[in-house]
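# Architecture and fold: a report
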Amino acid sequence: MNENMNRLTVEEIKAILRGADPIIMEGGRTLLAKILKGSREKKVLQLELDTCPVYGYFKSKKLDDIMEKIDWMIDYDFLDVEYRGKLPMIVFTERGWQIECDQYADELLREWKEWVNQGKQDPDMVYLKDRNRELILLFLDKVRETGNKSFIPYLKLWEQIDYKKVREAIRRTITALEDNEPVDEQRMQERNESINEALKGSAPQDLLLKCWDCGNRFTFTISEQQYFKQKGFQLPKTCKKCRNKRRELYYM
């Protein structure tokens, strides 16, 4: 991690998470950087990543600078790297997904509001089918919280094509809007507070681990953690002294 790098803004954090969404466990840091750069590279265009809402968000930045921002996101527990075979893939941390889920639900809600303003009557709701269940339920909560009955026709169209459990949640949302059920303001506030807390991130710090061989505690530094993560290694189970002893015995 670049120690001189400033903390990312909330807008930058959200943009990088949004850019990561379409390539979770499908692409790595470099591909994410190219989305945010607005690259016209063949792979980016073939995967239609140029349709991502934050495509080109950092178009004025150098690719290396964007990579540093992505590494900051990893260091501060918004994104992580998992290996598919030997290939390092970007994934959300729990914190990162919480933020992305919320902003994606807001994005879906804005789209519906635009449809209402445009007088759109028969949109194809298949695009919502097979989405992440947590995202869909949060979106429905946000629809309910608007109290906007103009959304009911869209909900009814959606109800016709989705699975049973989602249909039940849609039906509850329709009923809530029809009956003018009061909004749970406390729940909304708690959700917003949780998102704001998540956006603070978790600064990297040295870890104190226990050696499986000698039983002593040893420090696993930030730089060592970053190296292990890049290589796809798990946390060390032994201290350096015991590791060196094992090597010496192996080569004797």
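The rules behind each value
Residues numbered from 1 in each chain as written. Predicted model: local features only at pLDDT ≥ 70, side-chain atom pairs only at ≥ 80, totals over all residues. Heavy atoms only, no water. Phe/Tyr/Trp six-rings, centres within 6.5 Å; stacked < 30°, edge-to-face > 60°. Buried < 20%, exposed > 50% of the residue type's maximum accessible area, 1.4 Å probe, protein only. Lys NZ or Arg CZ within 6 Å of the ring centre and 35° of its normal. Salt bridge = Lys/Arg side-chain N within 4 Å of Asp/Glu carboxyl O. Helix = DSSP H or I, 4+ residues; strand = E, 2+ residues; numbered from the N terminus. Polar contact = N/O pair within 3.5 Å; in protein donor to acceptor, adjacent residues only side chain to side chain. Contact = heavy atoms within 4.5 Å. Expected span 1.5 Å × (residues − 1). Arc of directions from axis to C-beta.

### Remarks on the packing of aromatic side chains
The full count for this structure, using the stated rule, is 14 aromatic pairs. On the basis of an interplanar angle of 40° and a centroid distance of 5.7 Å, the ring pair of Phe92 and Trp97 is categorised as tilted. For Phe92, a relative accessible area of 17% puts it in the buried group. For Trp97, a relative accessible area of 18% translates into the label buried. Among the aromatic residues, those joined into a cluster by ring pairs are Trp112, Trp115, Tyr127, Phe139, Phe151, Tyr154 and Trp158. Note that Lys129 overlies the ring of Tyr163, its terminal NZ or CZ placed 4.8 Å from the centroid.

### So, the pattern of salt bridges
A full pass over the atoms with the stated rule returns 13 salt bridges. Put simply, Asp102, Asp106 and Lys142 are held in one network by salt bridges that share partners.

### Let's talk about the side chain of Glu12
By the element assignment, Glu12 lies in helix 1 (residues 10–20). A distance of 3.0 Å separates the side chain of Glu12 from the backbone nitrogen of Thr9, its partner in a polar contact. Other than its neighbours up to four places away in sequence, Glu12 contacts Tyr57, Phe58 and Lys69.

### As for helix 8 (residues 164–178)
Under the 1.5 Å per step criterion, the end-to-end length of helix 8 is 21 Å for 15 residues, consistent within 8% with the ideal 21 Å. For helix 8, the full list of buried residues reads Val166, Ala169, Ile170, Thr173, Ile174, Ala176 and Leu177. The buried residues of helix 8 occupy one face: seen down the axis, they fall within an arc of 160°. Facing away from the buried surface of helix 8 by more than 90 degrees, the exposed residues are Lys164 and Lys165. The inward-facing, buried residues of helix 8 contact helix 6 (133–146) and helix 7 (152–159).

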